[in-house]
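# Notes for the structure review
Take a look at the letters that make up each chain.
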Amino acid sequence: MSALRSLILAASENRRLQRFVQRYGFRLGASRFVAGETLDDAVPVLRRLNENGLLTNTTLLGEGVRDEAETRAVVLVYRDVLDRVQAEGLRANVALKLTHLGLSIDEELAYRNVAELVEHAAQVGNFIRIDMEESRHVDGTLRIYRRLREGGHANVGTVLQSYLFRSEDDLAALLPLAPNLRIVKGAYLEPAEIAYPQKRDVDAAYARLLETSLGGEGFTAVATHDEALIEHAISFARERAIPSGRFQFQMLYGVRPRLQLELVQRGYDVLVATPYGPDWYRYLMRRLAERPANLLFLLRNLVRG
Ligand SMILES: Cc1cc2nc3c(=O)[nH]c(=O)nc-3n(C[C@H](O)[C@H](O)[C@H](O)COP(=O)(O)OP(=O)(O)OC[C@H]3O[C@@H](n4cnc5c(N)ncnc54)[C@H](O)[C@@H]3O)c2cc1C
């Protein structure tokens with residue numbers, strides 16, 4: 001892993017830097033990756049993406065909540081998001097983080113909160129994706145996902161990260177559920193005891209997870225901007241005659257927008273993950289760590305003022 005990536009990810013926990021970056025806010029360029037600070041800001045962005053043939057999901061940015069009442073407020077916001085998506089006729093689902101709903105406080109609390117949202121989503125014909133966070137949350141997240149599925153909820157999916165050694169075993173354990181899984185490389189700072197430090201190993205593990213997941217009975221969200229892996233998924237699906245309804249590509253708002261549209265033109269489903277909310281600092285730092293050249297983009301905006 002590059003030293004710069006580690007440095008940026010470590011800085012994502014720095015409160016003083018957070019205050020500085022938040023103050024200069026969208027001027028610094030956060031607006032490239034975040035659809036706005038409010039749902040009203042995000043709705044026209046989602047609509048425009050839909051009009052360009054892209055599917056979307058949205059997320060109220062936030063994580064690591066330590067106060068139960070705050071998790072309740074997050075649930076209420078997501079209920080509103082689901083209602084608004086229905087009222088506006090948007091092609092948008094919801095992706096959320098369990099630590100935003102209380103996983104760092106109490107697993108049962110997070111379960112109750114997410115179960116309420118999954119039920120509400122079912123009532124309005126929508127779907128909830130549970131993002132994957134730092135490795136200490138993987139067990140709790142997978143337990144909650146399994147509990148929801150075994151409790152009869154079909155409109156829920158989760159995520160596996162190819163940088164973690166454990167993910168191939170996790171995938172094997174989930175396959176009997178015909179899971180809806182998003183495969184990602186992984187965005188957090190993880191120790192070499194549990195995660196591949198070298199990009200080529202992360203990429204190779206990604207290809208293995210992809211093939212196993214596409215070969216199973218579930219749905220696979222191929223979430224990457226890596227063109228070699230995208231083309232690998234396309235040729236693997238073609239060779240195995242995997243129907244196009246069994247997978248989709250997913251990318252982040254503001255990242256490789258031309259590639260997103262090219263895939264739509266080639267006839268593939270592409271979903272753009274489009275978060276919003278005032279709490280965008282850590283999300284932005286992860287986007288910088290993925291491509292330190294983005295730092296230059298931000299600094300240029302700062303200089304231009
Ligand atoms: C829809 C979606 C959902 C995700 N959900 C999760 C999650 O739940 N948990 C989690 O840990 N991670 C998540 N991630 C992040 C993921 O783990 C990676 O950190 C991120 O996708 C970058 O890896 P990559 O697969 O694009 O490949 P890379 O090898 O990092 O990048 C391939 C190419 O894509 C471009 N690129 C990649 N990132 C950026 C960027 N930030 N800015 C500009 N260009 C870029 C560059 O051209 C780069 O050469 C998600 C990613 C996506 C797309």
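This report concerns the structure included in the present document. Note that the structure is predicted; figures quoted are calculated from it, not measured.

The rules behind the values
Residues numbered from 1 in each chain as written. Predicted model: local features only at pLDDT ≥ 70, side-chain atom pairs only at ≥ 80, totals over all residues. Heavy atoms only, no water. Helix = DSSP H or I, 4+ residues; strand = E, 2+ residues; numbered from the N terminus. Rg over C-alpha atoms; globule rule 2.2 N^0.38 Å. Buried < 20%, exposed > 50% of the residue type's maximum accessible area, 1.4 Å probe, protein only. Areas by Shrake-Rupley, 256 points an atom, 1.4 Å probe, with all protein chains shown as cover. Lys, Arg positive; Asp, Glu negative; His and termini not counted. Charge placed at Lys NZ, Arg CZ, Asp CG, Glu CD. Pairing = 2+ DSSP bridges. Axes fitted to C-alpha atoms, helices over the stretch in contact; angles between N-to-C directions. Contact = heavy atoms within 4.5 Å. Expected span 1.5 Å × (residues − 1). Arc of directions from axis to C-beta. Polar contact = N/O pair within 3.5 Å; in protein donor to acceptor, adjacent residues only side chain to side chain. Near = heavy atom within 4 Å. Nonpolar A, V, L, I, M, F, W, Y, C, P; charged D, E, K, R; others polar. Phe/Tyr/Trp six-rings, centres within 6.5 Å; stacked < 30°, edge-to-face > 60°. Lys NZ or Arg CZ within 6 Å of the ring centre and 35° of its normal. Patch = residues over 30% accessible without salt bridge, like charges linked within 9 Å, V, L, I, M, F, W, Y side chains within 5 Å. Salt bridge = Lys/Arg side-chain N within 4 Å of Asp/Glu carboxyl O. Right-handed = clockwise from strand over helix to strand, strands pointing away.

Counting its regular elements, the protein chain contains 12 helices and eight strands. Computed over the C-alpha atoms, the radius of gyration of the protein chain is 18 Å, within 12% of the 19 Å expected from 2.2 N^0.38 for a compact globule of 305 residues. For the C-alpha atoms alone, the extent of the protein chain along its principal axes is close to 50 × 45 × 40 Å. Counting all 305 residues of the protein chain, 54% fall into the buried class. Carbon together with sulfur atoms contributes 51% to the accessible area of the protein chain, which is approximately 13,800 Å² in total. Across the protein chain, the mean location of the 40 positive side-chain charges is 6 Å away from that of the 39 negative side-chain charges.

Next up on the list: the side chain of Lys97. Within the element layout of this structure, Lys97 appears in the loop between β2 (92-96) and α5 (107-123). Residue Lys97 is classed as buried on the basis of its relative accessible area, which comes to 10%.

Turning next to the sheet that holds strand β3 (residues 128-130). Pairing is parallel around the closed barrel formed by eight strands, whose spatial order is β1-β2-β3-β4-β5-β6-β7-β8. Strand-to-strand, the axes of this sheet are offset by a mean angle of 30 degrees, without reference to chain direction. Strands β4 (156-161) and β5 (180-184) of the sheet are contacted by helix α7 (residues 167-174), whose axis makes an angle of about 155 degrees with β4.

Moving on: helix α9 (residues 227-239). Relative to the 18 Å expected for 13 residues at 1.5 Å per residue, α9 spans 18 Å between its end C-alpha atoms, a close match to the ideal helical length. Along α9, the positions that sit buried rather than exposed are Leu229, Ile230, Ala233, Ile234, Phe236 and Ala237. The buried side chains of α9 occupy one side of the element, clustering within an arc of 165 degrees when seen end-on. Residues of α9 that are exposed and angled more than 90 degrees away from the buried face: Ala228, Arg238 and Glu239. Those residues of α9 hidden inside the fold are in contact with α8 (199-215), β6 (219-223), β7 (247-252) and α10 (257-265). Where α9 starts, the residue carrying a side-chain oxygen 3.1 Å from the main-chain nitrogen of Ala228 turns out to be Asp226. Within two residues after α9, Ala241 carries a phi angle of roughly 55 degrees, on the positive side.

A few words on the site of the ligand. Lys185, Gly186, Lys199, Thr224 and Glu290 are the nearest of the 26 residues found near the ligand. The contact in question runs from a nitrogen atom of the ligand to an N or O atom on the backbone of Met132, over 2.8 Å. Glu290 places a side-chain nitrogen or oxygen 2.6 Å from an oxygen atom of the ligand. Surface burial for the ligand is 86%, taken as the share of its 930 Å² of free accessible area covered by protein chains. Broken down by secondary-structure element, the contributors of at least two residues to the shell around the ligand are β4, β5, β7 and α11 (281-290). Considering every element that reaches the shell around the ligand, the biggest residue donor is β7, with three residues. When the residues that make up the shell around the ligand are grouped by side-chain class, the tally is 10 nonpolar, six polar and 10 charged.

A separate point is the packing of aromatic side chains. Taken as a whole and judged by the stated rule, the model has four aromatic pairs. A centroid spacing of 6.0 Å and a plane angle of 85 degrees characterise the contact between Phe247 and Phe249, whose relative ring orientation is edge-to-face. Residue Phe247 shares its accessibility class with Phe249, and that shared class is buried. Measuring from ring centre to ring centre gives 6.3 Å for Phe247 and Tyr268, while their planes differ by 40 degrees; the resulting arrangement is tilted. Of this pair, Phe247 sits in strand β7 while Tyr268 is found in the loop between α10 and β8 (270-273), placing the two residues 21 residues apart along the sequence. In terms of burial, Phe247 and Tyr268 fall into one category: buried. Among the aromatic residues, ring-to-ring pairing joins Phe247, Phe249 and Tyr268 into one connected group. Directly above the ring of Tyr111 sits Arg147, whose terminal nitrogen or CZ lies 3.6 Å from the centroid. Here the guanidinium or amino end of Arg287 rests over the ring plane of Tyr283, the centre of that ring lying 4.5 Å away.

Taken together, the side chains of Asp67, Glu68, Glu70, Asp106 and Asp279 present a region of like negative charge at the surface. Take Asp279: it is sitting in the loop between β8 and α11. When its relative accessible area of 37% is taken as the criterion, Asp279 is described as partly exposed.

Moving on to the pairing of β7. By the criterion of burial, β7 is predominantly enclosed, with six of the six residues buried. Neither face of β7 is exposed, since Phe247, Phe249 and Met251 on one face and Gln248, Gln250 and Leu252 on the opposite face are all buried. As judged from the four bridges shared by β6 and β7, these two strands associate in the parallel manner. Each bridged residue has a counterpart across the sheet, and for Val222 the counterpart in β7 is Phe249. Assessed by its sense of winding, the connection that carries the chain from β6 through α9 to β7 is right-handed. Here β7 runs beside β8; their pairing, made up of four bridges, is parallel.

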